Amino acid sequence: MRVPSLATRGSLRLVALYNGEWQACRRTFASTTTLPIQHKQATNHQRIAIRPGTPQQSLQHQQRRWQSAAAAVQETAVHDPNALSQDAIVSNLDPKEAARLDKVRNIGIAAHIDSGKTTATERVLFYTGRIKDIHEVRGRDAVGAKMDSMELEREKGITIQSAATFCDWVKKTPDPVTGEMKEEKYHINLIDTPGHIDFTIEVERALRVLDGAVLILCAVSGVQSQTVTVDRQMRRYNVPRISFVNKMDRAGANPWKAIDGINQKLKMAAAAVHVPIGMEDEFKGVVDLIRMKAVYSEGENGEIIREDEVPADLREFAQEKRRKLIETLADVDEEIANAFLDERTPSPTEIKDAIRRSTIALKFTPVLMGSALADKSIQPMLDAVCDFLPNPSEVENLALDRKRAEAPVKLVSYNSLPFVGLAFKLEESNFGQLTYVRVYQGSLRKGQVVTNARTGNKVKIPRIVRMHSNEMEDVQEIGAGEICAVFGIDCASGDTFADGGLGYSMTSMFVPDPVISLSIKPKQTKDTPNFSKAMSRFQREDPTFRVHVDNESGESIISGMGELHLSIYVERMRREYNVEVTTGQPQVAYRETITQHVPFDHLLKKQTGGAGDYARVVGYMEPTGQLGDNLFEQKVVGGTISEKYLFACDKGFQASCVEGPLLGHKVLGTTMVINDGATHMTDSSELAFKTATQHAFRQAFRAGQPQVLEPLMKTVVTAPNEFQGNIVGLLNKRNAVINDTEIGADDFVLSADCSLNSLFGFSSQLRAASQGKGEFTMEFSHYSPAPPQLQKELIAKHEKEKYKR
Ligand SMILES: Nc1nc2c(ncn2[C@@H]2O[C@H](COP(=O)(O)OP(=O)(O)OP(=O)(O)O)[C@@H](O)[C@H]2O)c(=O)[nH]1
């Protein structure tokens, strides 16, 4: 193992623990070393100490030393990742750099459909001075909210694409002793995400790159189906969240039900940090339970925040909820637990610190309350973002070092370290392709040359902008831990960019498989070039939107996450590319599998003059057990088939799985084992073994009691109670399995598993059965055998089409 780097120069000493010894680091500084190398016995692993120079040295001079030292520390980490921890670097950050990062927040707003994400973001932009007026989603002025910039979003009143913006929030806190107001300015990068599951990739990639999130819940509905999905996505990327119960002005608002939902359905410890003052149309503000102060939103747009004593009629209730908050914190935070055991009431600062610690540790979520539409209590939510969500240096981000067998390396949001950034979203704009980049380490400057880790291509960054919905602001440089967009780089969504020498790449986001597809073609052949352009752009921008040409019919098939998803692209094609298209019936992404163990012994033997084809494969096929990935195994003993030919067999198996024998859909949950065979001295070839395997696969598959599988969707229907009978009837007709029904004061929520196939046209029937008041969401759950009659029909139809061709 290499001795870690050692840097000593002037009075700056950088010492690192290595093999149980403290050693000073020497690297770039070796030639100018003026201090002797330090050797100290130490027992404490993972500690790095960087000591500043003497006070006589200029600040700038010291600063440079700090930066070089930190670069050396990271170099040490690269060679011996165990030599230091991120905490060590962070705790030794240049104080100026640490102060900058402390005031940066990268957050996302995510929630179930229509919970008020865009409306809340509009208020955030207004109160931070980014926009001059407030415009509503589906508002009467027909302008639409700032973050819904796409024409279709404004028309439909839904968010389709996530939109990024940034703002500065000046947090005002009274000094606990003097009562004097202290102002702190925070820089917030914010992404508003869509709620519809059809656009789930937008949430996925936003959460991949954000450090914290605001989970919005509706005060009437509480935890809803997509809240559960968003919760899952937040957990996937370890994103700490604060929760905001919105719509407190609505009739039937009940924030305590929402909090129960977070505790029970999301299994996340949650407690209110607010108590509402007034409810429904009497909602005026909140009691801050940490400081025990009433906070009113006043003025025409709630821009004036007035603090007062807690109203007398709420004091007891507020005390009870404060105790509940402390109790919940005691379960997740040791310091509060100790105070609780000592029967001591923790101070407001202790409570605040405990909320911050446990939120960042993903053990707790503080729950705030307000109403975005009624302009109430949004500023306290912004304060909570600053108080409880992490700054970029408090989040662990790893890259894989490809030069060292993909060993994980911790990235540090430090401007002077080599640059590492992740391209998480692509968008076509009037000025060319726009790539959103999260800078994890180092800074990115205009004109800088960076390397795409996937392709190895070097690119020069021609232009950097900060996005404000669809507007942009040019910047020369963007610091570590921030989000920006760059023009003129060719890449795919999820690519890592890094400074030339670094072989780092970051793991990308989770991309769900499409579940629905339809055939599509332009109505007029003259539109074909524009049609192709649109298709390739949409595919580049959205990894859940796929296009392929069907081998048999020659038709273009688009696939995506749901009917709405595909219909939005069809509509965008018309509006943005002037292409009218004809589409076929939506098709379900079926799968095929076998249900029985089948042995095979297949011989391919052809003699057509010259060298022939010879390959014999023997083995068996069987269900893998779960409907997961397919598996190829070779158990050949005695070398009857060489490695090279077995590799060809594997290829043949993989190719067979792409188009199943029943319907031409993908194969799932099938294992093929080859345990014997025969090879001919001259006639065997890789092609012969690949073909023989494909033949054997087809025959064995048909003999293995094959089945057509269809996607089952987790379906959640919400409607007024009086329509429950009608709706249950509708679902029964579709053979849905009803898992749960929750009856509220006005509405009921029904969860069922229903096949995607039987859900086509469901939305219009639901509307008819509930006087337009019912809503439903669906999300892919799992594959399950299709009903036998449907399987027969599908197979017969496929055979007929094959025969026609
Ligand atoms: N009563 C009431 N209505 C609200 C409130 N906040 C938002 N709304 C309304 O709820 C509807 C949905 O609001 P949006 O802000 O578009 O919700 P969203 O979560 O961004 O929607 P999607 O992104 O499409 O999922 C709009 O009609 C808003 O006016 C609120 O605090 N109170």
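All residue numbers refer to positions counted from 1 along the written sequence of the respective chain. Where totals are concerned, whole chains, interfaces and linings use all residues; where local detail is concerned, this predicted model gives features only for residues with pLDDT of at least 70, and gives and counts side-chain atom pairs only at 80 or more. With hydrogens and water excluded, all non-hydrogen atoms of the structure serve as input to the side-chain values.

Looking at an unreviewed UniProt entry, one finds the chain named Elongation factor G, mitochondrial, with Vermiconidia calcicola as its source organism.

## Here we look at the overall build of the chain
The number of helices and strands found in the chain is 19 helices and 43 strands. At a minimum sequence separation of 6, the contacts of the chain that also span at least 24 residues come to 70%. Where accessible areas are quoted, they stem from the Shrake-Rupley method and a 1.4 Å probe; at the residue level, only the protein chains shown are allowed to cover. When the accessible surface of the chain is totalled, it reaches about 35800 Å², and 49% of it is carbon and sulfur. A helix here means a DSSP run of H or I that spans at least four residues, while a strand means a run of E at least two residues long, and both kinds are numbered starting from the N terminus. Any two residues whose heavy atoms approach within 4.5 Å at even a single point are treated as in contact.

## As for the nonpolar core
Ranked by size, the top nonpolar core spans 68 residues in total, and within it M573, V617 and I674 carry the most contacts. Look past the residues within four positions of V617 in its chain and what remains in contact with it is F600, D601, H602, I641, C649, I674, D676, G677, F689, A692, T693 and A696. Ranked by size, the runner-up nonpolar core spans 43 residues in total, among them W169, I242, I336 and F388. Nonpolar cores are built from buried Ala, Val, Leu, Ile, Met, Phe, Trp, Tyr and Cys residues. Side-chain atoms within 4.5 Å join them into one set. Throughout, exposure labels follow a simple rule: accessible area from a 1.4 Å probe, protein chains only, divided by the maximum for the residue type, with under 20% read as buried, over 50% as exposed, and the rest as partly exposed.

## Let's talk about the site of the ligand
Here a residue is near a molecule or strand as soon as one of its heavy atoms is found within 4 Å of it. Close to the ligand lie 20 residues; K117, T118, T119, T159 and D249 are nearest. We call two N or O atoms a polar contact when they sit within 3.5 Å, provided that within protein one can donate a hydrogen and the other can accept it, with sequence-adjacent residues counted only if both atoms are side-chain atoms. Separating an oxygen atom of the ligand from a side-chain N or O atom of T118 is a distance of 2.7 Å. A distance of 3.2 Å is found between an oxygen atom of the ligand and a side-chain nitrogen or oxygen belonging to K247. Alone, the ligand offers 650 Å² of accessible surface; in the complex the protein occludes 91% of this. Looking at the shell around the ligand element by element, the count peaks at 3 residues for helix 4 (residues 117-127). We call Asp, Glu, Lys and Arg charged. Ala, Val, Leu, Ile, Met, Phe, Trp, Tyr, Cys and Pro are nonpolar, and the rest, Gly among them, are polar. Split into classes, the residues belonging to the shell around the ligand amount to 6 nonpolar, 8 polar and 6 charged.

## Concerning the sheet that holds strand 18 (residues 407-411)
Strand pairing in a sheet is mediated by backbone hydrogen bonds. Such pairs are either parallel or antiparallel. We call two strands paired when DSSP finds no fewer than two bridges between them. Strand order across the open sheet formed by 3 strands is 18-17-29, with antiparallel pairing between neighbours. What marks the edges here is a single partner per strand, and that holds for strand 18 and strand 29 (504-505). The pairing of strand 17 (residues 397-401) with strand 18 spans 5 bridges and is classified as antiparallel. Following the sheet pairing, N397 is matched in strand 18 by L411.

## Some points on the packing of aromatic side chains
Note on ring pairs: Phe, Tyr and Trp rings are taken, using the six-membered ring of Trp, and paired if centres are within 6.5 Å. Classes follow the plane angle, with under 30 degrees stacked, over 60 edge-to-face and the rest tilted. The tally for this structure, following the rule as stated, stands at 13 aromatic pairs. Aromatic side chains Y645 and F689 sit 4.8 Å apart centroid to centroid with 15° between the ring planes, which places their arrangement in the stacked category. In this pair, Y645 is assigned in helix 15 (residues 643-658) and F689 in helix 16 (residues 686-703), connecting sequence segments 44 residues apart. Like Y645, the residue F689 is buried in the burial classification. Centre to centre, the rings of F697 and F701 are 5.5 Å apart; their planes meet at 20°, and the pair counts as stacked. Of this pair, F697 and F701 are both found in helix 16, 4 residues apart, which corresponds to roughly one turn of the helix. Like F697, the residue F701 is buried in the burial classification. Among the aromatic residues, those joined into a ring-pair cluster are F538, F545, Y569 and Y577. By definition, being over a ring means that NZ of Lys or CZ of Arg is both within 6 Å of the ring centre and within 35 degrees of the ring normal. Directly above the ring of W256 sits K321, whose terminal nitrogen or CZ lies 4.1 Å from the centroid. We note K425 situated over the ring of Y436; from NZ or CZ to the ring centre the distance is 5.8 Å.

## Notes on the pairing of strand 25 (residues 471-475)
Across 5 bridges, strand 24 (residues 463-468) lies against strand 25 in antiparallel orientation. The residue of strand 25 that forms the bridge with V465 is D474.

## Some remarks on the sheet that holds strand 19 (residues 420-429)
Strand order in this open sheet of 8 strands is 23-22-28-19-20-27-24-25, and the pairing throughout is antiparallel. Looking at strand neighbours, the two that pair on one side only are strand 23 (458-460) and strand 25, the edges of this open sheet. Within this sheet the neighbouring strands show an average axis-to-axis angle of 40°, counted without direction. Taken together, the 3 bridges between strand 22 (residues 449-452) and strand 23 define a ladder with antiparallel strand orientation. For T451, the partnering residue across the bridge sits in strand 23 and is K458. Helix axes are fitted only over the stretch in contact, all axes being lines through C-alpha atoms; the angle between N-to-C directions runs from 0 to 180 degrees. With respect to the sheet, helix 13 (residues 528-541) is in contact with strand 19 and strand 20 (432-441), its orientation differing from that of strand 19 by roughly 150°.

## Considering the confidence of the model for the chain
Caution is warranted with low-pLDDT regions, since their predicted coordinates should not be read in detail. For every residue, the predictor assigns a confidence score, pLDDT, that lies between 0 and 100. Predicted confidence across the chain gives a mean pLDDT of 81, with 85% of residues reaching 70 or more. Across the predicted assembly, pTM comes out at 0.73 and ipTM at 0.98.

## Quick notes on unusual backbone geometry
Of note in this structure, N238 is not a glycine but carries a positive phi near 50°. Relative to the helices and strands, N238 resides in the loop between helix 7 (225-236) and strand 10 (241-246).

## Examining the packing of helix 6 (residues 200-209) against helix 7
Packed helix pairs are characterised by how far apart their axes lie and by the angle those axes make with each other. It is the contact of helix 6 with helix 7, at a shortest axis distance of 9 Å, that shows an interaxial angle of 30°. With respect to each other, helix 6 and helix 7 are oriented roughly parallel. Judged by the twist between their axes, the crossing of helix 6 over helix 7 is right-handed. The residues of helix 7 that touch helix 6, namely those facing T200, V203, E204 and L207, are V230, Q233, M234 and R236. Roughly parallel means an angle under 35 degrees; roughly antiparallel, over 145; roughly perpendicular, 65 to 115; everything else is oblique. Crossing handedness: left-handed means the near helix sits turned counterclockwise from the far one by under a right angle, and right-handed means the same turn made clockwise.

## Regarding the packing of helix 11 (residues 348-360) against helix 12 (residues 379-388)
Closest axis-to-axis distance for the helix 11/helix 12 pair is 9 Å, and the angle between their directions is 75°. One way to sum up the angle between helix 11 and helix 12 is to call them roughly perpendicular. Where helix 11 approaches helix 12, its residues K352, I355, R356, T359 and I360 are matched on the opposing element by C386, D387 and F388. Looking at the contact of helix 11 with helix 12 residue by residue, the class counts come to 4 nonpolar, 1 polar and 3 charged.

## Focus on helix 12
Working note: α-helix, 3.6 residues per turn, so residues spaced by three or four point in the same direction. Among the 10 residues of helix 12, 9 are classified as buried, and the element is accordingly described as predominantly covered. Every buried residue belonging to helix 12 is among Q379, P380, M381, L382, A384, V385, C386, D387 and F388, and all of these are buried.

## Focus on the pattern of salt bridges
A side chain of one charge can pair with a side chain of the opposite charge when the charged atoms of the two come close. What counts as a salt bridge is simple: a side-chain nitrogen of Lys or Arg found within 4 Å of a carboxyl oxygen of Asp or Glu. Applying the stated criterion to the full structure yields 35 salt bridges. Here E184 makes a salt bridge to K103, at a shortest N to O gap of 3.7 Å. One end of the pair, E184, is in strand 8 (residues 181-192); the other, K103, is in the loop between helix 3 (95-102) and strand 6 (104-111), and 81 residues separate them in sequence. Like K103, E184 is buried. Among the ionic pairs, D387 bridges to K352, the shortest N-O distance being 3.8 Å. Taken together, the residues D387 in helix 12 and K352 in helix 11 connect sequence positions 35 residues apart. Through salt bridges with shared partners, a single network forms among D102, K103, K171, E184, K352 and D387.

## Some words on the environment of C754
Within the fold, C754 resides in strand 42 (residues 747-755). When the C-alpha positions of C754 and N735 are compared, they lie 7.0 Å apart, and in sequence the two are 19 residues distant. Residue contacts for C754: discarding those within four places in its chain leaves P711, L712, M713, T715, R734, A736 and L759.

## Topic: the side chain of Q226
In this fold, Q226 is placed in helix 7. Residues within four places of Q226 in sequence aside, it is in contact with H112, I113, G195, H196, I197, T777 and E779.

## Quick word on the side chain of S413
The topology assignment puts S413 in the loop between strand 18 and strand 19. With a relative accessible area of 5%, S413 lands in the buried category. Ignoring sequence-local partners within four residues, the contact set of S413 consists of E97, R100, L101, P392, S393, Y440, A480 and G481.

## As for the environment of V420
Relative to the assigned elements, V420 resides in strand 19. Among all residues touching V420, those that are not within four sequence positions of it are L411, R438, V439, Y440, Q441, T496, F497, A498, L502, Y504 and M506.

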